[in-house]
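Breakdown of the fold
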Amino acid sequence: MRMRAKPWAGPELDACPFFLRNPKCMKNQWLDWFPRRQPLHVELGCGKGWFLAGMAPRHPQYNYLGIDMKDAVLAPGKRLIEQAFAEQNRPVDNVALTAYDIERLPDILGPQDRISRLYINFCNPWPKPRHHKRRLTHPRQLMLYRPLLEPDAELWFKTDDDALFAATLRYLPEAGFSVFAQTHDLHALHCPENVMTEHEAMFSKEGIPIKALKARVSVSD
């Protein structure tokens, strides 16, 4: 589905103190950009900000970086994040947003950024075999993330897609990750730490079970 143009999105983001237009300039410096130097959590494909708006105010002890490609997506997310912090009478002080191609993540993040947790929520399943290498959980992509992660870093993944979930369970060990938690019906667990994304709410309303896993870099690596 083609997204409607939002002429206001670019100017509003450029005026936003927690949006960075030139993320290449921040490579290996993200930890020092935030007011507090603390563990960095990164969401790949943050979309309209539901997840970050739920997580960041709840966990002030972490800094969050949300990455997506289009201003038209990030601008509504910026508003949602501002609203979530306003409801707590707090400034937005542990979130950064930027627009970039996730498949080129090493352009904007380096080993000194020391990511402690990576979130991949409802990414494109790319169902055709010739497109599998574009999946964000494919070994080709996972090996791009590995040098950016702390030794004990975690990867949290959610999807509605059965085939993508099954493939990801194979991909992770191939790239040196070990899965330590998984479920084929996340909402049946009634997990209090789960924060719904926009797609998660939509798929759940349709009765589609949400698959989820948590993995970390294998100790042997």
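The structure displayed is predicted, hence computed values, not measured ones.

When helices and strands are tallied, the protein chain shows seven helices and eight strands. Against the compact-globule benchmark of 17 Å for 221 residues, the protein chain has a radius of gyration of 17 Å, which places it among compact chains. Its C-alpha atoms give the protein chain principal-axis dimensions of about 40 × 40 × 35 Å. Residue burial in the protein chain is summarised as follows: out of 221 residues, 50% are buried. Carbon and sulfur atoms make up 54% of the accessible area of the protein chain, which totals about 11000 Å². Averaging the positions of the 30 positive and the 26 negative side-chain charges in the protein chain gives two centres separated by 4 Å.

Attention now goes to the pattern of salt bridges. Under the definition given, this model contains 17 salt bridges. A salt bridge links E154 to R117; its shortest N-O distance comes to 3.6 Å. You can see E154 sitting in strand β6 (residues 149-159) and its partner R117 sitting in strand β5 (residues 115-121), a full 37 residues away along the chain. R117 shares its class with E154; the two are buried.

This paragraph deals with helix α3 (residues 50-58). For α3, every residue scored as buried is listed here: F51, L52, A53, M55, A56 and P57. Next to the buried residues of α3 lie β2 (40-44), β3 (63-68), α4 (71-86), β4 (95-99), β5 and β6.

On to the environment of Y119. With respect to the helices and strands, Y119 occurs in strand β5. A relative accessible area of 1% places Y119 in the buried class. Between the C-alpha atom of Y119 and that of M55, which follows or precedes it by 64 residues, the distance is 11 Å. Discounting residues that sit within four places of it in the chain, Y119 has contacts with H41, V42, E43, L44, F51, M55, Y64 and W156.

All chains considered together, the criterion is met by five aromatic pairs. Here the aromatic rings of W33 and F34 are separated by 5.0 Å at their centres, their planes lie at 90°, and the arrangement is edge-to-face. A relative accessible area of 4% places F34 in the buried class. When the ring of F157 is compared with that of F165, the centres are 6.4 Å apart and the planes differ by 10°; the resulting orientation is stacked. Each member of the pair F157 and F165 is classed as buried. The ring of F177 carries R146 above its face, with NZ or CZ at 5.7 Å from the centroid. For K214, the ring lying beneath its charged end belongs to W156, and the centroid distance is 4.0 Å.

What counts and how
Residues numbered from 1 in each chain as written. Predicted model: local features only at pLDDT ≥ 70, side-chain atom pairs only at ≥ 80, totals over all residues. Heavy atoms only, no water. Helix = DSSP H or I, 4+ residues; strand = E, 2+ residues; numbered from the N terminus. Rg over C-alpha atoms; globule rule 2.2 N^0.38 Å. Buried < 20%, exposed > 50% of the residue type's maximum accessible area, 1.4 Å probe, protein only. Areas by Shrake-Rupley, 256 points an atom, 1.4 Å probe, with all protein chains shown as cover. Lys, Arg positive; Asp, Glu negative; His and termini not counted. Charge placed at Lys NZ, Arg CZ, Asp CG, Glu CD. Salt bridge = Lys/Arg side-chain N within 4 Å of Asp/Glu carboxyl O. Contact = heavy atoms within 4.5 Å. Phe/Tyr/Trp six-rings, centres within 6.5 Å; stacked < 30°, edge-to-face > 60°. Lys NZ or Arg CZ within 6 Å of the ring centre and 35° of its normal.

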